[in-house]
Amino acid sequence: MLTLAWQTIRTRLGGFTGAFVAILCGTALVAGCGVLMESGLRAGVPTQRYAAAAVVVGGAQTVHPPGADALTFEQVGEQPSVPSELAGRIASVPGVRSAVAEQSFPAQVVTASGEVLGGPQSLGHNWDAAVLAPFRLSAGRAPGAPDEVVLDADLARQAGVGVDGQVRIMTRSVPVEFRVSGIVDALSRQSALFFTPARAAELAARPGQAHAIGVLAEPGVAPETLAQRIGAVAGDAEVTTGVERSTIEFLDVSQTRTLLLAIAGSFGGFALLVAVFVVASTLALTINQRRREFALLRAVAATPRQIRKLIGLETTIVALVAGVLGGALGLAVASGLRDAFAAIGVIPADFGLAISPLPSLAAVLLGLGAARLAAWAASRRPSSIRPVEALGEAAVERRQLGRGRAITGWSLVLAGFAGALVPLFLRGDVATAVSSMSTLVIVIGLAVVGPQVTGLAVRFLSPLLARLWRISGYLAGANASAGTRRLAAAATPLMLAIAFALAMFYGPTSATAAAASETAASTTADYVLSGPAGVSPEVAAAAARLPGVATATPVVRTSVLTVSTVGDSTEVQRTPAQGLGSSQGVLELGVDSGRLADLTGDTVALSRSEAGWQNKKLGDEVTFYFGDGVPAKLRLVATYTHDKAFGDFVLPVSLARQHNGGRLDDSVLVRRSPDADPASVAAALRSLPYPGLTVATALSTPSGGDGQAQFYLNLVAAGVIVGYLAISVANTLVLTTAQRSREFALLRLVGTTRRQVTHMMRLEALVTVGIAVVVGTVVALVPLALLNVGLRGSPVPSGPLSVYFGIIGGAAVLGFLAMGLSTFVALRARPIDAIGLRE
């Protein structure tokens, strides 16, 4: 049987090429996602400030609710801290040479011209923590007085200062003069400034807390052994070694790992689902084109089991070869995705990949499993033909679908449309995700009943084609009517590509437009003050004292983590939150109960939907975790309706600031007095003594860069999936057309000209593309319309119409090009030669 399978593959390379390409690309995509997932578990960036530390101890990087299973956790959104006194306990652990608590806080050098150097990654530290890198003085001496500072070489060069020079440094207040006592080597990922331990603790403003504790080991003590000993005294703190140290040093690295797990998991799931669908469709088409061959085998006494075994062996051989090559290609896919994610700012550019054979091996096994499952499903029909009916059955394509297939397909379609109704009742990211998933379910359902759908369309189009183009139109209509399964196999991947691309693009743009519209309607401020690394907490009070300013309110964008229990399962979710001062005159949150004036101390305001979900009323205690993982128990004082603009949680600004790693505000909203001159107020705001402060007259969506990064992330993911679908579409169209050489030869032998055959195929391509465009558009449009009704009150999706025309234009070009080229190749042979070719 193995010999027969190998001989069949060798003699039918053209037919098996389609399945090979589908499995190869699908396996490469899944393997690439696997590499990203593994990188989310054990990759990172090289540590810099802790390069000499064998072990680094920091605050817990995830929230794990008590009693939940080990997989129930969520990454914190703000930099957590660790108690400074823990350093003393760690120092007493055997094998520890010293344990140093490191302070870390925003600190930026300001030039004489007012330019702010270093950006968000310019941080101040205590000098005694310099030994953890170790930082070594290249000039000068350590800081010995409160007004002395050590700069890294790059900052000193940019500021144009040397040892004993004067430099202005801004932390959380106006710039202060310091004398440069020394210079150390620069780091590639951050700028470093060092103060005396006492001055650093004062500037960090975290009494009793530290950013991390670096541990230097005694000679000969392995870091892993030391980490186990320290873990026994560290309590809930995070104990790290090796590349894991960078997750304590850089919050974005820790967040990137969690993000990669989420991206690779969801994206890989989509990719696997699409790959299974495409491979199944391609294999079914290939096997269906061999009906005559299987009929002959059944006529010469081959059993159904032997037919299924033959198909299984053929598929296994092709899948193994394609899977191994695809697994190796997955490394390039993972690298390309990593570079794309870095280019849009989702992950750090220096984040490395963890390379091992496990993702490729898993992808090969998944690809093989998908191929075998598809082969089993596709082999049921040819293996069940009775020998006495075999040759007759092979001559004509079966027209009717099985009852089970029809029920399954239409059930999926109904389930998809039912899921599309969810955004009418739920809001937020869940609604957008369910809407996209509904589109995919509908498309898969229509693919299952594809022959019925295409049959209905062809019954309408065939007479029209015959009237408009006579001979070629009649032939195209007759071919389409007789080959509805073939037409469905060609149109379905194209339809899937169109629907998926529309859903993935217009879903996020609609959600973003809804948030932007609500933000614009809710913001009554005249100006917004912001800075590249944040805004000093003093700015709001300083702005409020200016002539012509009626109100100045600080805003802190943060996040909170909520725990919900549904049945026996527990979920932890991180959601955006806002810290606000007095919102009177600058923001309208749509308060429907309580008062925002009571939002002081240990209180919180919730969106109406979140309060309803948690079943909370005014005065009730609301429990959650702050962005840095600290548990919170706050009293509910108000509920509001504008949650798309401001999220589900609004906190007092002082409380949000305490749990924000930089202790800075994100912006300040300013409302001028009715009789004030706008130009004078703007000029006064620009004159505030806080370098880097920018004054704008419009407020962006509160999600800001996160929302834009999420949009581009969806765009990259959709582009990769649609690219895979485009390859599959071209693959399927070429396969369905190239196998019709004998049909073309017969048409030409009975008097049809080459031009008429070519025109017939163009019309068939028009029918294929037309059905895919119409059905794909309708399938995507219904969930999108319902999503927009739920988000914006309008059924019209938000986003440029040019993208839609670009998508359907690309689909049309792909369809016509693939069928046109394969038709040209098929017509090159002489009819008398082509008519003798085996099917």
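For the structure, see preceding data.
Draft legend 1. Summary view of the packing of helix α23 (residues 741–749) against helix α24 (residues 754–792). Packing of α23 against α24 brings their axes to within 9 Å, and their N-to-C directions diverge by 135 degrees. In terms of their interaxial angle, α23 and α24 are classed as oblique. In this structure, the crossing between α23 and α24 has a hand that is right-handed. Listed contacts from α24 to E743, F744, L747 and R748 of α23 are R754, V757, M760 and M761. Residues that form the contact of α23 with α24 fall into these classes: five nonpolar, no polar and three charged.

Draft legend 2. Geometry of the pairing of strand β21 (residues 603–607). Counting buried residues in β21 gives five out of five residues, a clear majority hidden from the surface. Because side chains alternate across β21, one face comprises the buried residues T603, A605 and S607, and the other comprises V604 and L606, equally buried. In terms of strand pairing, β21 meets strand β24 (residues 649–652) through two bridges, oriented antiparallel. By the bridge assignment, L606 is partnered in β24 with F649.

Draft legend 3. Structural detail: the nonpolar core. Ranked by size, the top nonpolar core spans 103 residues in total, and within it F267, V279, F341, L446, I721, Y724 and M760 carry the most contacts. Once residues within four sequence positions are removed from consideration, I721 is found in contact with L29, F267, F270, A271, V274 and F500. Within the second largest apolar cluster, 21 residues are counted, among which are V535, A543, A684 and L688.

Draft legend 4. View of the pattern of salt bridges. Enumeration according to the criterion identifies 19 salt bridges in this entry. Where E148 meets R141, a salt bridge forms, and the shortest distance between an N and an O atom there is 3.2 Å. Residue R141 is classed as partly exposed on the basis of its relative accessible area, which comes to 36%. Across the pair K644 and E518 runs a salt bridge whose closest N-O atoms are separated by 3.3 Å. You can see K644 sitting in helix α19 (residues 643–646) and its partner E518 sitting in helix α16 (residues 484–522), a full 126 residues away along the chain. Among the residues examined, K644 registers a relative accessible area of 21% and is labelled partly exposed. Judged by relative accessible area, which is 13%, E518 ranks as buried.

Rules of the game
- Residues numbered from 1 in each chain as written.
- Predicted model: local features only at pLDDT ≥ 70, side-chain atom pairs only at ≥ 80, totals over all residues.
- Heavy atoms only, no water.
- Axes fitted to C-alpha atoms, helices over the stretch in contact; angles between N-to-C directions.
- Helix = DSSP H or I, 4+ residues; strand = E, 2+ residues; numbered from the N terminus.
- Parallel < 35°, antiparallel > 145°, perpendicular 65-115°, else oblique.
- Left-handed = near helix turned anticlockwise from the far one by under 90°.
- Contact = heavy atoms within 4.5 Å.
- Nonpolar A, V, L, I, M, F, W, Y, C, P; charged D, E, K, R; others polar.
- Buried < 20%, exposed > 50% of the residue type's maximum accessible area, 1.4 Å probe, protein only.
- Pairing = 2+ DSSP bridges.
- Core = buried A, V, L, I, M, F, W, Y, C linked by side-chain atoms within 4.5 Å.
- Salt bridge = Lys/Arg side-chain N within 4 Å of Asp/Glu carboxyl O.

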